[in-house]
Amino acid sequence: MQEAVHHADADANCKLVSDLTEAYNFVEHRQPACLIISAYLAQKPEFELLGALLNQLNIGCIIWGNLAGRLPPPSPPNLLHCSGHLSINDFRAMLKSAMHTAPASNGSKTVDPVPRQGDPHRIILIGASTGGVDALTRVLVSFSQQSPPTLIVQHTGGRFAPSLIRLLDRATSATVLAASDGQRLQKGHVYLSPGDHVHLSLSKTARRVIALDEGAAVSGHRPSVDVLFHSAVGYGPHVSAALLTGMGQDGASGLKALRDAGARTIAQDQATSVVYGMPRIAAQLGAAMLQLPIDAIGPRLIGLTQTRAIA
């Protein structure tokens with residue numbers, strides 16, 4: 001199949017596309033019963049986002065060709081691998097098996113529980129890189145329209161930012177959107193950078209206002225987790241921050257600065273990290289008050305907002 005992506009729906013209608021961006025858009029809007037993708041494309045970093053969408057929509061997946069190694073999570077439902085030629089009957093059997101998945105979610109948002117009294121000024125910050133798409137969906141499931149304003153930096157190619165935002169928005173009852181410069185923070189909203197041309201941060205001149213900066217990459221990234229975390233040091237005890245799975249060290253020094261300023265800080269543990277790089281450096285620096293498995297981080301971040309911070 002060379003470098004092509006092949007989609008098949010329950011009526012045996014097919015569409016052939018040439019790259020992951022087109023594949024993502026097709027899957028998102030047409031929701032086929034199965035996707036057939038070349039091993040070459042499946043091993044690109046951007047497949048992490050497409051895999052998360054397949055997982056979210058319960059769409060089966062067949063990877064065609066030789067894989068050089070294991071794929072990072074999330075694994076699409078009924079993920080199958082074919083490295084050689086198949087007879088037409090064997091192919092039909094494989095396709096039927098991959099398409100035999102659970103019904104997709106209707107995408108509706110859940111009703112928020114009655115919130116408990118907490119710190120009305122609290123802000124949540126999250127940074128992630130490799131493996132972060134799945135990690136963020138698992139964290140944000142705990143968030144709602146009553147959650148504190150949340151800012152997230154996820155290392156993703158700029159053209160995939162809108163797709164990531166839509167995917168995360170379906171994963172939570174909070175509202176996930178692209179940040180804009182000068183935007184005031186609102187409860188129940190989750191903000192991400194609109195692309196890799198700007199850093200996401202909090203304004204130095206106005207309280208609880210977003211600033212987008214076109215400055216150079218920091219820690220090798222734009223947007224950078226360190227830029228976001230350092231921009232929130234002035235909010236000190238009102239901040240809860242988490243650094244999730246990822247390669248390198250972006251966010252580690254910023255998390256340490258936040259902890260020194262009185263913020264509550266969390267790093268993902270090694271056992272549940274796809275790449276234990278950024279959280280490991282944070283732990284070595286003493287930046288994290290807690291190291292937690294990914295499924296415990298969302299509830300803990302929300303739980304921390306119920307404790308009123310020191311003014």
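Given the structure is predicted, the values throughout are model-derived calculations rather than measurements. Note that residues are indexed from 1 along each chain, following the sequence as it is written. Predicted model: local features are reported for residues with pLDDT of at least 70 only, side-chain atom pairs are reported and counted for 80 or more only, and whole-chain, interface and lining totals are derived from all residues. With hydrogens and water set aside, each side-chain value is computed from the structure's full complement of heavy atoms.

Give me the lowdown on helix α6 (residues 161–170), citing residues and values where you can.
What α6 keeps buried is the set Ala161, Ser163, Leu164, Ile165, Leu167 and Leu168. Contacts made by the buried residues of α6 are with α1 (20–30), α3 (47–57), α5 (132–140), β7 (150–154), β8 (175–178) and β9 (189–192). Burial classes follow relative accessibility: with a 1.4 Å probe on protein chains only, a residue under 20% of its type's maximum area counts as buried, one over 50% as exposed, and anything between as partly exposed. Helix numbering and strand numbering both begin at the N terminus, where a helix is a DSSP run of H or I of at least 4 residues and a strand a DSSP run of E of at least 2. The contact criterion used throughout is that any non-hydrogen atoms of two residues lie within 4.5 Å.

Tell me about the side chain of His199, residues and numbers included.
Tracing the chain through its elements places His199 in strand β10 (residues 199–202). Of the polar contacts made by the side chain of His199, one reaches the backbone nitrogen of Ser224; its length is 3.2 Å. Two N or O atoms form a polar contact when they lie within 3.5 Å of each other; inside protein one atom must be a possible hydrogen donor and the other a possible acceptor, and for residues adjacent in sequence the pair counts only when both atoms belong to side chains.

Account for the pattern of salt bridges, with residues named and values stated.
What counts as a salt bridge is simple: a side-chain nitrogen of Lys or Arg found within 4 Å of a carboxyl oxygen of Asp or Glu. Considering all chains together, one arrives at five salt bridges under this definition. The partner of Arg138 in a salt bridge is Asp134, and the shortest N-O contact between them spans 3.3 Å. In this pair, Arg138 and Asp134 both sit in helix α5, four residues apart, roughly one turn of the helix. Asp134 sits in the buried class, given a relative accessible area of 10%. Note that Lys256 and Asp260 form a salt bridge whose closest N and O atoms lie 3.0 Å from each other. Of this pair, Lys256 and Asp260 both sit in helix α8 (residues 252–260), four residues apart, which is roughly one turn of the helix. Look at Asp260 and you get exposed, because its relative accessible area is 55%.

Can you tell me about the side chain of Thr245, naming the residues and giving the values?
You can see Thr245 is positioned in the loop between β12 (239–243) and α8. A polar contact of 3.0 Å, which involves the side chain of Thr245, links it to the backbone nitrogen of Val275. Residue contacts for Thr245: discarding those within four places in its chain leaves Ala128, Ser129, Thr130, Gly131, Gly132, Ala135, Gln268, Ser273, Val274, Val275 and Pro279.

Could you give me a rundown of the packing of aromatic side chains, with the residues and numbers involved?
Working definition: rings of Phe, Tyr and Trp (its six-membered ring) pair if their centres are within 6.5 Å, and the pair is stacked with planes under 30 degrees apart, edge-to-face with planes over 60 apart, and tilted otherwise. Applying the stated criterion to the full structure yields one aromatic pair. Our definition puts a charge over a ring when NZ of Lys or CZ of Arg is within 6 Å of the ring centre and also within 35 degrees of the ring normal. Sitting above the plane of the Tyr235 ring, Arg207 keeps its charged end 4.0 Å from the centroid.

Residue-level account of the sheet that holds strand β14 (residues 290–292), with values.
Here the rule is simple: two strands pair whenever DSSP picks up at least two bridges between them. Reading across from one edge, β8-β9-β7-β6-β12-β13-β14 is the order of the seven strands in this open sheet, with parallel pairing throughout. At either margin of the open sheet sits one strand with a lone partner, and together these are β8 and β14. In this sheet, neighbouring strand axes are inclined to one another by 20° on average, regardless of whether the strands run parallel or antiparallel. Examined bridge by bridge, strand β13 (residues 264–268) and β14 share three bridges and lie parallel to one another. Pairing of Gln268 across the sheet is with Leu292, part of β14. Of the strands in this sheet, β7, β8 and β9 are in contact with α6, which crosses β8 at around 170°. Axis definition: a line fitted to C-alpha atoms, limited for helices to the stretch in contact. Angles are taken between N-to-C directions and run from 0 to 180 degrees.

Describe the state of the cysteines, listing the residues and the values that go with them.
Here, two cysteine sulfur atoms that lie within 2.5 Å of each other are counted as a disulfide. Across all of its chains, the model carries zero disulfides by this definition. Take Cys34: it sits in no disulfide, and the sulfur closest to it among the cysteines is that of Cys61, at 6.7 Å. According to the relative accessible area criterion, Cys34 is buried, its value standing at 0%. Classification of Cys61 by relative accessible area gives buried; the value is 0%.

Before we move on, can you summarise the packing of α3 against α6 with the specific residues and values?
Helix-helix packing is described using two parameters, namely the angle between the two axes and the distance between the axes. Look at α3 against α6: their axes get within 11 Å of each other, and the N-to-C directions meet at 30°. On the basis of the axis angle, α3 is roughly parallel to α6. For the crossing formed where α3 meets α6, the hand is left-handed. Together, Leu49, Ala52, Leu53 and Gln56 of α3 and Ser163, Leu164, Leu167 and Arg170 of α6 make up the contact between the two elements. Amino acids are sorted into nonpolar (Ala, Val, Leu, Ile, Met, Phe, Trp, Tyr, Cys and Pro), charged (Asp, Glu, Lys and Arg) and polar (every other residue, Gly among them). In the contact of α3 with α6, the residues fall into five nonpolar, two polar and one charged. Every angle not falling under 35 degrees, over 145, or within 65 to 115 is termed oblique; those three ranges are roughly parallel, roughly antiparallel and roughly perpendicular. Left-handed is the label given to a crossing in which the near helix is rotated counterclockwise from the far helix by less than a right angle, and right-handed is the label when the rotation is clockwise.

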